[in-house]
Structure formats: C-alpha cells, structure tokens
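Fold and geometry: a report
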Amino acid sequence: MRLPTMAIALLTVGAIGAGCGSSGASDGDGSSQSGPGSGSAGQGGVTSSSGGDFGSGGSGSGSGAGDSSSVGSSGQGGACATQSARADLQPVYLAFAFDVSGSMGMGDEPWYDKELKWDPVVAATKQFFDDPQSEGINASLRFFPSDDEDRDQKCSAETYETPEVPMTPLPSRLFSEAIDAVTPATSADWRGGTPTLFVVQGTISYVEAQRQATPGRYAIVLVTDGYPAGCRDRYDRIDLVADAAAGALDDGVSTYVIGVDNPPVEGAPHDLDNLHQIAEAGGTEHAYLIDTGNPGATSAAFKSAIDAIRGASVSCTVEIPPAPDGRTFDAQRVRVTYQSGGGNATALSYDQECASESAWRYDSPANPTQIVLCDSTCATIQADPEAALGVDFTCEDVIQIPL
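Okay, so let's go over this structure. (Residues numbered from 1 in each chain as written. Predicted model: local features only at pLDDT ≥ 70, side-chain atom pairs only at ≥ 80, totals over all residues. Heavy atoms only, no water.)

Now for the overall build of the protein chain. Along its length, the protein chain carries eight helices and 17 strands. By residue count, 52% of the 403 residues in the protein chain fall in the buried class. Put simply, of all contacts in the protein chain between residues at least 6 apart along the chain, 74% involve residues at least 24 apart. Surface summary for the protein chain: the accessible area is close to 16700 Å², and the carbon and sulfur share equals 47%. (Helix = DSSP H or I, 4+ residues; strand = E, 2+ residues; numbered from the N terminus. Buried < 20%, exposed > 50% of the residue type's maximum accessible area, 1.4 Å probe, protein only. Contact = heavy atoms within 4.5 Å. Areas by Shrake-Rupley, 256 points an atom, 1.4 Å probe, with all protein chains shown as cover.)

In structure tokens:
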C-alpha cells in the first residue's frame, strides 16, 4: 500500500483553440485531459468515459480574449492552454513507542513466551518498516522501558523524548537494525516495568518539537501488552495515559494503540480492554487487540492493524499551488478528481458543508489555501492503496462557492 506522496498532478485544463473544452490535450505523461465539457457551474460529479479522460469536450465559454480571469489563458487570441503543477497530501509522521518489557517474552511465566509474543510481533513490525509500500510515511521508534535501573530515570518523560530511531522516511532498514539490537539475548536481559504514562508524555514532547521544525500530519502509535506498571501506584493509571492522549489530540496529534495479548495458556491474564480508553481519548476509537498463541496468525493480525493505522493516518488535505504562470487563481474554476489504479477518473462534488457523498471543500471559501476531502471521500482515499487525486484548473466556472 503505497501512500501519498500520492503525488497529485494538478492540471490546468483548457481548450486549445477558440473555446474551452474543444479538444483534449496531452499532459506529457500519456494521459489526455480535456476542458470542462458540458459541466456547468455548480456541477462536480462528472465521471469520465475512460481512464484519464475527463469528458469528450464540448462548447465551453469564458475563454475569449476578453476573459481576463481565465486561468489558463495563453495571451494569444484568448486560447486557454494546458498547464501542470504538482502538490502532495500533507506528509505523514508516525511516532512509535514499542514495549520491550519482560512480559513480551521473558519466559518467567508460561504466557510470557518469546516465540508466541515477541517474535511474531517483531516480524510484522519489521515488515512494515521495510515495506516499499510504506513509502510516503515517516516514522520514529522509541523503546520502553529504558534499560536504566534507576526508577526515577525509568519513570521520567524526559527519558523518552529522544527515540532510538529518529523520524526517518520509510522504507528504512534502520528500524529492523534497532529492533535486533534491543532484542534480549537471554531471559535475564529483558527490561522491567511498563512506564506507559511517561513514554507517552515523552513521545508527545518529541512530536511537538518535530512539528515545529517540520509541519505535517503526526500520530503516535503505542505498542504494548498490558497495564502500566513499575512507576508507583499514583502513576500506573490508564486514566492518566488517556488524559495525555487527549491533550495531544487537542493539539492535532492522534494516538493509536496496538495491544498484544497473552497467549491462551491456562492462568494467563487477559487485561487489555483498558487500552481502548487510551485510543478513544486519542481520537482513534478503539485499540487494536492482537491475539497470540499462533505465531503466523499473530503476525498477520499485527500487520493488519499496522496497515489500518497506515491508511487511517493519511492526511486528506492538499495545498493549493499558485495558479500557473502567475495568473490570478479563480476558486470557482477548480475540479477535483479521484482515480483508482488504472481505472476511470471521477470528478468529486464540491460541497463546502460536506453534506453530500464523494465531496470536497475548501479550508476557507473566502480565502482558500487548501483542498480538504470530506469524511466519506477521505475514508475512500485512505482505504485505497492505488488512489490518485487530480485537481483541474478549468477555463470556466464549474462550482459555485457560497458567500
């Protein structure tokens, strides 16, 4: 699932000749883009008849020599020339906090089985970080608890503000190497305690610093196998972790949670439901709870959770580039299209209230700087590994912006 970088081709579409939409024009990469055709003001749900071909042309208006606002005007006889620009969806940054406490595989209890918990989870995690289809995502990785024996250090947010792998474009082998380095060689090498509150606080601080330096869409991914422990009763509380996640959400940072259950061994505790509270407070509805006991099934389930997070974290906001050749941008001469793989491109509807399906809106109708996909459209894009968006700058009005 290659995520955007969905490098979105922003095409300035117009007719070559006396009127807009009179013929298709090659955009230079083998596709053909035509003018607005029969689409009139306020219409935006036109489906193309073939992949990459938006309409069959037609007699448009508004491209004559006297139309100074025509976006693509070449200045020669009022012809509306095709131009191209590029933009991307906002980059995605995932800050992983990964539990390496003894309960993940120390073996001092039958359900703390490394082969059933740690190994399959690690295999799926490595696959995500190494996967070429993760291109377009950046990630960092912080392990917890720290290997410091001093509880005051282990239970301090400052300890977790610097990840073992800093924010890095994926795919990257750095993550697999870091996981290999932290994997205990013997049962005595596993770390004690689960300072969940402090690792979340430290990760939030790291994300805040990263956002100031590099704006984008940020989220935290917490991977753990149970309740906070080892930092005194007043700190080993799920509600405090949820409060931290809620504070991050107020600042625009979501928190995802992957809970790794104990295998179905007699006497094994199963106490992951409390992790839903963290995910709900972090704006992600529920934790992804992974069963163990069958390594293959565990690895597949973990991969499925990661893929769901990967899709859900994709931004659905596009910066509007400057109008081609420095001409005046006309917000009513914009059409947004969606295409899946090599299929037909479909024009999405403009709906500033997002009351209709398959719609988009401007961030500000009075002074737009971004195109924002409405929720249903965003969900479609996030679930489609081959999604591509186009933004056509037309030669005549195709939408009506409410005053």
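Having seen the model, we can carry on.
To continue, consider the nonpolar core. The tendency in soluble globular proteins is for nonpolar side chains to be buried side by side. Phe96, Phe98, Trp118, Leu141 and Ile258 are the most contacted members of the largest nonpolar core, which has 35 residues in total. Within the residue set of this core, elements represented by two or more residues are strand S5 (92-99), helix H1 (118-130), strand S6 (137-144), helix H3 (174-182), strand S8 (217-224), strand S9 (254-260), strand S10 (288-290) and helix H7 (295-312). When residues in this core are grouped by element, the largest group, six residues, is from H1. Setting aside its immediate chain neighbours within four residues, Ile258 contacts Val221, Leu222, Val223, Thr224, Tyr288, Ile290, Phe302, Ala305, Ile306 and Ile309. Within the second largest apolar cluster, 32 residues are counted, among which are Val241, Ala242, Ala248 and Ala279. (Core = buried A, V, L, I, M, F, W, Y, C linked by side-chain atoms within 4.5 Å.)

Read across the open sheet, the four strands follow the order S11-S16-S15-S14; overall the sheet is mixed. The open sheet is flanked by strand S11 (317-319) and strand S14 (349-350), the only strands paired with a single partner. Strand direction decides the pairing type here: S14 and strand S15 (residues 359-362), joined by two bridges, are parallel. Its bridge partner lying in S15, Tyr350 is registered against Trp360. (Pairing = 2+ DSSP bridges.)

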